[in-house]
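Descriptive structure summary
The lines below spell out each chain.
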Amino acid sequence: MPTYPKVEFSNLYPGLSFSEQKARQFFDHLFSLYPNQFNGILSVVFLPEDQHCEIHGKFLKDYRPTDVITFPADEQEGHAGEILVSVDQAVIEASQRNLDLREEISLYLIHGWLHLVGFDDLDESERKIIRIEERRAMDLTRKLNLWPDFLLACSSDQ
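Each value, and the rule that gives it
Residues numbered from 1 in each chain as written. Predicted model: local features only at pLDDT ≥ 70, side-chain atom pairs only at ≥ 80, totals over all residues. Heavy atoms only, no water. Helix = DSSP H or I, 4+ residues; strand = E, 2+ residues; numbered from the N terminus. Rg over C-alpha atoms; globule rule 2.2 N^0.38 Å. Buried < 20%, exposed > 50% of the residue type's maximum accessible area, 1.4 Å probe, protein only. Salt bridge = Lys/Arg side-chain N within 4 Å of Asp/Glu carboxyl O. Axes fitted to C-alpha atoms, helices over the stretch in contact; angles between N-to-C directions. Parallel < 35°, antiparallel > 145°, perpendicular 65-115°, else oblique. Left-handed = near helix turned anticlockwise from the far one by under 90°. Contact = heavy atoms within 4.5 Å. Pairing = 2+ DSSP bridges. Expected span 1.5 Å × (residues − 1). Polar contact = N/O pair within 3.5 Å; in protein donor to acceptor, adjacent residues only side chain to side chain.

The subject of this paragraph is the overall build of the protein. Along the protein, the regular secondary structure elements total five helices and six strands. By the compact-globule yardstick of 15 Å for 158 residues, the protein fits well, its C-alpha radius of gyration being 15 Å. Principal-axis analysis of the C-alpha atoms gives the protein an extent of 50 × 40 × 30 Å. Put simply, the protein has 158 residues, and 41% of those count as buried.

If you want it as structure tokens, here you go:
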């Protein structure tokens, strides 16, 4: 039986809730589709846009909003990588693309994991390949109904 990374979640987004068990099932499915040689800890962090942009600027010198940021594995530290999700960006994109929020966030998690296992999107040919793999993972997740149950509480000012 293959060994998968251990997933640790940090939910720093007020109002976002989800079952860590369902999210881990989602990741186990993703790990089976796209194995990685690192079996340490995969850190998944859900952030508001301002914090996400700050990290994007600090490490990538671009302070504009983005959907997901990944940091590579560090085998010596026992890390399988890090995926940082902008929940605010997911809310915007889900609305614009008429998708369920759980699917949009799941797409970001898939995209982040694909980066960690070696896919890239720096040029057009790489973007085509990563989009094909995203669709494949999304289709299989949909078929098996393995979506994490991401829910966003409404704030009183909405």
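Time to look at the pattern of salt bridges. All chains considered together, the criterion is met by 10 salt bridges. Residues Arg-127 and Glu-124 are paired through a salt bridge, measuring 3.4 Å at the closest nitrogen-oxygen approach. On the criterion of helical spacing, the pair formed by Arg-127 and Glu-124 is a turn pair, its members being three residues apart in helix α5 (residues 124–144). By relative accessible area, which is 30% here, Arg-127 ends up partly exposed.

Between helix α1 (residues 20–33) and α5, the shortest axis-to-axis distance is 11 Å and the interhelical angle comes to 135°. When the interaxial angle is binned, α1 and α5 end up oblique. The handedness of the crossing between α1 and α5 is right-handed. When α1 is examined against α5, the residues Phe-26, His-29, Leu-30 and Leu-33 are found in contact with a partner set consisting of Arg-136, Ala-137, Leu-140, Thr-141 and Leu-144.

Judged by pairing direction, the sheet is mixed, and its four strands sit side by side in the order β1-β3-β5-β4 without closing on themselves. In the strand order of this sheet, the two ends are held by β1 (6–11) and β4 (68–71), each with one partner. Adjacent strand axes in the sheet meet at a mean angle of 15° when their direction is disregarded. Where strand β3 (residues 41–47) meets strand β5 (residues 79–86), seven bridges bridge the pair, whose relative direction is parallel. Its bridge partner lying in β5, Val-45 is registered against Leu-84.

Here we come to unusual backbone geometry. At Asn-98, a residue that is not glycine, the phi angle is positive and equals roughly 55°. Inspection of the secondary structure assignment puts Asn-98 in the loop between α3 (87–97) and α4 (101–116).

In this section: α4. Here α4 spans 23 Å end to end across 16 residues, near enough to the 22 Å set by a 1.5 Å rise per residue. α4 sits mainly inside the fold: 14 of its 16 residues count as buried. Between the side-chain oxygen at the start of α4 and the backbone nitrogen of Arg-102 there is a gap of 2.9 Å, and the oxygen is on Asp-100. Directly beyond the C-terminal end of α4, a positive phi value near 115° is found at Gly-118.

From the geometry alone we can't say anything about function, so treat these as descriptive.
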